[in-house]
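# An overview of the molecular structure
Each chain, letter by letter, is given below.
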Amino acid sequence: MLSGEQLQQWHRDGFVLLRGFADVAVGRAMAAETIAAIRADPPAAHPGQPAYVTANAMLVQPEGKVPDGADAPEDFVAKVFNTHLDGTARDFALSAACADVVASILGDDIDVFQSMFILKNPGAWGQPWHQDSYYFHFDRQPQVGLWLAISEATLENGCLSVLPGSHTLPVQQHLPDQRPGANQGYTEIPDVDEVGAMPVLMQPGDLLVFHSYLLHRSVDNLGTGRRAAMVYHYGRAGTVNQAPAEMRALQDRVTRWVPVRRAQSVAA
């Protein structure tokens, strides 16, 4: 469970960083399993598609702006969604350690509803300032994100930046990312006052726990190696998606609700 001091930071800043939360080998296994799935069904087999679904229900999003030197199938991929449905990624999402962290904030009746493995290969663009709740049209707010560093996250390779305290703001106006080659679905909050923004430098196994209203972004990967991460989003059990029907159809491709913990199971 989060300590009292960590919960105070959560309420004040909208995030808390847990150093050394997971064994480095866990992240490596997630990466190996995800890359194997990409190689089994590569983007080259789906030319022109902004995203495609694999046989095991993962949704693969190719990179909008293919980095120079891309060769292997995974070099052409930005994100892989629905990784929490199987394998090491599922085991971690449902683990008691993750459940304890999320339950500290949302209570014991929780589900994991989204996951994405982020490859962020060398040369890949970052994602502008945004709030995750912009994408989640749910009746129960907020949600909790868990961002597990699988590789080192540095200023050079495009680590996250966060704006402490911005989780107290309502969901802001988001505009489509206008950069040529921007990834599908990328949006940005215009004219963000970046005073107080801070980079989140992480080592493999570190876990960032963050509020779904928190303003955050990443910058371009200017390094020579991949900046890999696994990101999960958790919500309260029984949450209802209130998005219009046409929007829900798109969201359903990347939201799969899986029970994590129930109050009665904890009491037992």
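What this report covers is the structure whose coordinates are included nearby. Since the structure is predicted, the reported quantities are computational estimates derived from the model, not experimental observations.

Turning our eyes to something else, we now look at the nonpolar core. In summary, soluble globular proteins display a tendency toward joint burial of nonpolar side chains. With 40 residues, the main nonpolar core has Leu 146, Val 209, Tyr 232 and Tyr 234 as its most contacted residues. The dominant element in this core, judged by the number of residues it contributes, is helix 4 (residues 96-106), at seven residues. In this structure Tyr 232 touches Met 30, His 84, Ala 89, Phe 92, Ala 93, Val 112, Gln 114, Ser 115, Val 144, Gly 145 and Leu 146, once residues within four positions along its chain are discounted.

Summarising burial for helix 4: eight of the eleven residues are buried, a large majority. Looking only at helix 4, the buried set comprises Cys 98, Ala 99, Val 101, Val 102, Ala 103, Ser 104, Ile 105 and Leu 106. Following helix 4 by one or two positions, Gly 107 adopts a phi angle in the positive range, close to 95 degrees.

This part takes up the packing of aromatic side chains. The tally for this structure, following the rule as stated, stands at nine aromatic pairs. A centroid spacing of 5.2 Å and a plane angle of 85 degrees characterise the contact between Phe 113 and Phe 138, whose relative ring orientation is edge-to-face. Placement of the pair is Phe 113 in strand 5 (residues 110-118) and Phe 138 in the loop between strand 5 and strand 6 (144-149), with a sequence separation of 25 residues. For the pair Phe 113 and Phe 138, one class covers both residues: buried. Ring-pair connections join several aromatic residues into one group, and the members of that group are Phe 21, Phe 92, Tyr 232 and Tyr 234.

Evaluated as defined, the whole model comprises seven salt bridges. The salt bridge involving Glu 74 is made with Arg 39; its shortest N-O contact spans 2.6 Å. Here the residue Glu 74 occupies a position in the loop between strand 3 (59-62) and strand 4 (77-81), and Arg 39 occupies one in helix 2 (residues 24-40), the gap between them amounting to 35 residues. Here Arg 226 makes a salt bridge to Asp 75, at a shortest N to O gap of 3.5 Å. Placement of Arg 226 in the loop between strand 12 (216-218) and strand 13 (229-236) and of Asp 75 in the loop between strand 3 and strand 4 is noted, with a sequence separation of 151 residues between them.

Next up on the list: unusual backbone geometry. Note: most residues except glycine have negative phi, and most peptide bonds are trans. For the peptide bond that leads from Gln 141 to Pro 142, omega is -5 degrees, which places it in the cis range. Within the secondary structure, Pro 142 sits in the loop between strand 5 and strand 6. A positive phi angle, close to 40 degrees, is found at Lys 120, a residue other than glycine. Relative to the assigned elements, Lys 120 resides in the loop between strand 5 and strand 6. Overall, the relative accessible area of 4% leaves Lys 120 in the buried class. The phi dihedral of Asp 191 is positive, around 55 degrees, even though this residue is not glycine. Assessed through its relative accessible area of 79%, Asp 191 is described here as exposed.

Of all five residues that make up strand 11 (residues 207-211), five are buried, and the element is covered over most of its length. Neither face of strand 11 is exposed, since Leu 207, Val 209 and His 211 on one face and Leu 208 and Phe 210 on the opposite face are all buried. Taken together, the five bridges between strand 6 and strand 11 define a ladder with antiparallel strand orientation. Counterpart to Leu 148 in the pairing with strand 11 is Leu 207.

Okay, the sheet that holds strand 7 (residues 160-162) next. Reading across from one edge, 10-7-12 is the order of the three strands in this open sheet, with antiparallel pairing throughout. Both outer strands of the open sheet, strand 10 (198-200) and strand 12, are each paired with one neighbouring strand and no more. Sheet twist, expressed as the average angle between the axes of neighbouring strands with direction ignored, equals 35 degrees. Note that strand 7 and strand 12 share three bridges and pair antiparallel. Bridging across to strand 12, Ser 161 finds its partner in Arg 217.

Considering the arrangement of structural elements, one finds Arg 261 in strand 14 (residues 258-261). On the accessibility criterion, Arg 261 (14% relative accessible area) is buried. A polar atom in the side chain of Arg 261 sits 2.8 Å from the side chain of Asp 100.

Conventions adopted
- Residues numbered from 1 in each chain as written.
- Predicted model: local features only at pLDDT ≥ 70, side-chain atom pairs only at ≥ 80, totals over all residues.
- Heavy atoms only, no water.
- Core = buried A, V, L, I, M, F, W, Y, C linked by side-chain atoms within 4.5 Å.
- Buried < 20%, exposed > 50% of the residue type's maximum accessible area, 1.4 Å probe, protein only.
- Helix = DSSP H or I, 4+ residues; strand = E, 2+ residues; numbered from the N terminus.
- Contact = heavy atoms within 4.5 Å.
- Phe/Tyr/Trp six-rings, centres within 6.5 Å; stacked < 30°, edge-to-face > 60°.
- Salt bridge = Lys/Arg side-chain N within 4 Å of Asp/Glu carboxyl O.
- Pairing = 2+ DSSP bridges.
- Axes fitted to C-alpha atoms, helices over the stretch in contact; angles between N-to-C directions.
- Polar contact = N/O pair within 3.5 Å; in protein donor to acceptor, adjacent residues only side chain to side chain.

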